[in-house]
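# Report on the structure
Each chain is listed here by its residues.
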Amino acid sequence: MGKSFAGETMSTWNELADKMLAADGPAALVCRQWLMPAEGRDAVIFPPTFAAPQGGKAGYNIDEVRDGNDDNKVTRIAIIDTVGSQANRMEPMFKKVNGEDTPYSRLVPQIEIKAGNKIVNLLDAGHRAADAIVRYSSLGPTLKEAFNAYQESGNATELAKIAPTSLVFGAWDSRGTQAKLPRIVASTIRAYDITELQRSAQYFPPIDYVKEELFDDEFLETTTKGGKKIGSAFGLKAAPAEGTHGGVIVRGEIRREAILNLVCLRAIGPKGQTGDALRRYILGLALVAISYDRPHDLRQGCLLVKDPDRPSRWEVVFNDGSRQEVAPHGSALLAFAQKAADDFGERKSGRYEFLDPDRARAEVEKEMEEKGSKKGKSRKGKSGDSNQ
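Each chain has its residues counted from 1, following the order in which its sequence is written. Since the coordinates come from a predicted model, pLDDT governs what is reported: local features require at least 70, and pairs of side-chain atoms require 80 or more to be given and counted, while whole-chain, interface and lining totals use all residues. To get the side-chain values, take all heavy atoms of the structure and skip hydrogens and water.

Counting its regular elements, the protein contains 12 helices and 17 strands. With respect to the principal axes defined by its C-alpha atoms, the protein has extents near 80 × 60 × 60 Å. Should any heavy atoms of two residues lie within 4.5 Å, those residues are considered in contact. Put simply, of all contacts in the protein between residues at least 6 apart along the chain, 73% involve residues at least 24 apart. For the protein, the accessible area works out to roughly 21,700 Å², and carbon and sulfur atoms hold 49% of it. Secondary structure elements are defined from DSSP: runs of H or I of at least 4 residues count as helices, runs of E of at least 2 residues count as strands, and each element is numbered from the N terminus. A 1.4 Å probe and the Shrake-Rupley method give the accessible areas. Residues count as covered only by the protein chains that appear here.

Turning our attention to the sheet that holds strand β17 (residues 350–353). Within the open sheet, the 3 strands sit side by side as β6-β5-β17. Their pairing is mixed. Sheet topology places β6 (118–121) and β17 at the edges, where each strand pairs with a single neighbour. The mean inter-strand angle of the sheet, taken between neighbouring strand axes irrespective of direction, is 25°. Bridging between strand β5 (residues 111–115) and β6 involves 4 bridges; their strand directions are antiparallel. Across the sheet, residue Lys114 finds its bridge partner in β6, namely Ile119. For two strands to be treated as a pair, DSSP must find no fewer than two bridges joining them. For helices, the fitted axis covers only the stretch in contact; all axes are lines through C-alpha atoms, and the angles between them, taken along N-to-C directions, range from 0 to 180 degrees.

What follows covers empty space enclosed by the protein. In the cavity and pocket records, a cavity denotes points on a 1 Å grid over the protein atoms alone where a 1.4 Å probe fits but cannot get out, a pocket denotes an open set with protein on both sides within 12 Å along at least 5 of 7 lines, and lining residues are residues with an atom within 4 Å of a point. Grid points are joined across faces, edges and corners, and a volume is the space filled by probe spheres set on the points. Tallying each qualifying case throughout the model produces 1 cavity of 30 Å³ or more. Computed from the structure, the largest cavity encloses a volume of approximately 60 Å³. If you trace the largest cavity, you find 13 residues lining it, with Leu122, Leu123, Ile162, Ala163 and Thr165 closest to the centre. Considering every element that reaches the lining of the largest cavity, the biggest residue donor is helix α6 (residues 164–169), with 3 residues.

Along the chain, Ala233 turns up in helix α8 (residues 230–233). In this structure, the C-alpha to C-alpha distance between Ala233 and Ala23, residues 210 residues apart in sequence, is 61 Å. Every residue in contact with Ala233, bar those within four places of it in the chain, is listed here: Thr224 and Lys228.

Time to look at the pattern of salt bridges. Every case where a carboxyl oxygen of Asp or Glu lies within 4 Å of a side-chain nitrogen of Lys or Arg is listed as a salt bridge. Going through the model one piece at a time under the given rule, you end up with 24 salt bridges. The closest approach of N and O atoms between Lys348 and Glu158, which form a salt bridge, is 3.4 Å. Pair noted here: Lys348 is in the loop between α11 (330–344) and β17 and Glu158 is in helix α5 (residues 157–162), with a separation of 190 residues, a long-range link. The class of Lys348 is partly exposed, set by a relative accessible area of 26%. Type-normalised accessible area, obtained with a 1.4 Å probe on protein chains alone, sets the label of each residue: buried when under 20%, exposed when over 50%, and partly exposed for intermediate values. Overall, the relative accessible area of 32% leaves Glu158 in the partly exposed class. A cluster of three or more residues bridged by salt bridges with shared partners is formed by Arg32, Glu253, Arg255, Glu257 and Arg310.

Our focus in this paragraph is the pairing of strand β13 (residues 296–299). Working note: regular strand, side chains alternate between the two faces of the sheet. Sheet analysis places β13 next to strand β14 (residues 302–306), joined by 3 bridges and oriented antiparallel. The partner of His296 across the bridge, within β14, is Leu304. The antiparallel pairing of β13 with β14 creates a hairpin that spans 2 residues between the two strands, and Gly301 there sits at a positive phi of about 85°.

Let us look at the sheet that holds strand β10 (residues 194–203). Strand order in the open sheet made by the 3 strands is β2-β11-β10, with antiparallel pairing throughout. For this open sheet the edge positions go to β2 (44–45) and β10, each flanked by a neighbour on one side alone.

The subject of this paragraph is the side chain of Ser137. With respect to the secondary-structure elements, Ser137 resides in the loop between α3 (132–135) and α4 (140–153). With a relative accessible area of 2%, Ser137 lands in the buried category. Polar contact criterion, stated in full: a pair of N or O atoms within 3.5 Å, where within protein one must be able to donate a hydrogen and the other to accept it, and residues adjacent in sequence count only if both atoms are side-chain atoms. Within the local environment of Ser137, its side chain forms a polar contact with the backbone oxygen of Val134, the two atoms lying 2.8 Å apart. Here Leu139 takes part through its backbone nitrogen, which lies 3.1 Å from a polar atom of the side chain of Ser137. Contact partners of Ser137, with chain neighbours within four places excluded, come to Ile113, Tyr352, Glu353, Phe354 and Leu355.

Computed from the structure, the largest pocket encloses a volume of approximately 600 Å³. In terms of lining residues, the largest pocket is bounded by 26 residues, among which Arg135, Lys144, Gly176, Glu367 and Glu370 are the most central. Take the lining of the largest pocket: its biggest share by element is 7 residues, from helix α12 (residues 357–387). Residues are grouped as follows: Ala, Val, Leu, Ile, Met, Phe, Trp, Tyr, Cys and Pro are nonpolar; Asp, Glu, Lys and Arg are charged; all remaining types, including Gly, are polar. Residue classes in the lining of the largest pocket are distributed as 8 nonpolar, 7 polar and 11 charged. When its volume is computed, the second largest pocket comes out at roughly 400 Å³. As for the second largest pocket, its lining consists of 24 residues, and the residues nearest its centre are Ser291, Tyr292, Asp293, Lys306 and Trp314. Those elements that provide at least two residues to the lining of the second largest pocket are β1 (28–37), α10 (276–291) and α11. Here the residues of the lining of the second largest pocket are counted per class, giving 12 nonpolar, 6 polar and 6 charged.

Residue placement: Glu218 occurs in helix α7 (residues 217–220). It is 9.7 Å that separates the C-alpha atoms of Glu218 and Gly231, two residues lying 13 residues apart in sequence.

Moving on, we come to the nonpolar core. If you look at the biggest cluster of nonpolar residues, it comprises 68 residues, and the most contacted ones within it are Trp13, Phe94, Leu107, Leu260, Ile282 and Leu283. Among the elements that take part in this core, α10 stands out by supplying 10 residues, more than any other. In contact with Leu260, other than residues within four places in its own chain, are Ala27, Ala28, Leu29, Ile184, Val185, Leu283, Ala286, Leu287 and Ile290. Take the buried residues of types Ala, Val, Leu, Ile, Met, Phe, Trp, Tyr and Cys, join any two whose side-chain atoms come within 4.5 Å, and each joined set is a nonpolar core. Membership of the second largest hydrophobic core comes to 16 residues, among which are Ile80, Ile194, Leu298 and Cys302.

Structure follows, in structure tokens:
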């Protein structure tokens, strides 16, 4: 690109989009955003805790990276928000708010599944278009056809009419067609050069239940199936909590890194001019999602804000490694996304019913039989090959 795209007009982004979607276009749009604790730079923040590995202990995800020039110098890096968690925070921006449309909700179809007494928006489903909530609904067969079309030819048109954010944030129909939609937008937050802390606590019940003869001590000392004593498990005795996770202090920086993969975006079919409107539509959604100025209230004890001393840096990255700064502006990107959505056309909003229990069970059993049959054929094929 011969000029700097630092303006804030829709026409600027139209011009940049043409170059992003060209066959010889750039590789990615990337962002580095520096954050800090709301309480101040030296405040304690709490990363997410993860399930314990077998035989291990649950805790934070902290990596130790050694300096290439000095093996004794180690930097500890903590994940503050994973790529999956970041996607789950971005996607709901496209939902209606209290049943009312917003400029963002109008960009995508609003798909709802009524299951029992609950109504679930597809934008809240953990596996997106590949989630069981939609697979076993009246929309399931239509979505299966859309996945098959993508799997067979790369044509994502029907998927985009139903679940375009599954193309933006990725999905894997691992329990159905096996179609994989790679993430076009990915984002993570990490903290660098951290010191891990611990904390302890002590619970005291409001009364002594044994002394008041409401429970006997032998009963409260009985071990439950979970390995805890009844007294502590049900809050009936004083209980200490020692050496639990106490958060981290960040000596280095807290950085959000996000990428919009333009190579992946341009691979969406159909190929040629017939797919141009689709790719432009998905680009509009991706640009809005990656640049939206959202709060970073990640969890209890982890409210992050922008670092006023380090402005965000946005760059278009080319295949030769060269970079060019851009300046995304919310209103210009939204206008671009709205025009792209209108040009793409039909978005199939609607409410669908989850299958009744008997039909849902029958569908599951049918899929089990089909998978078993495929495995059997696979084993026979391998056996036959080995005998030849």
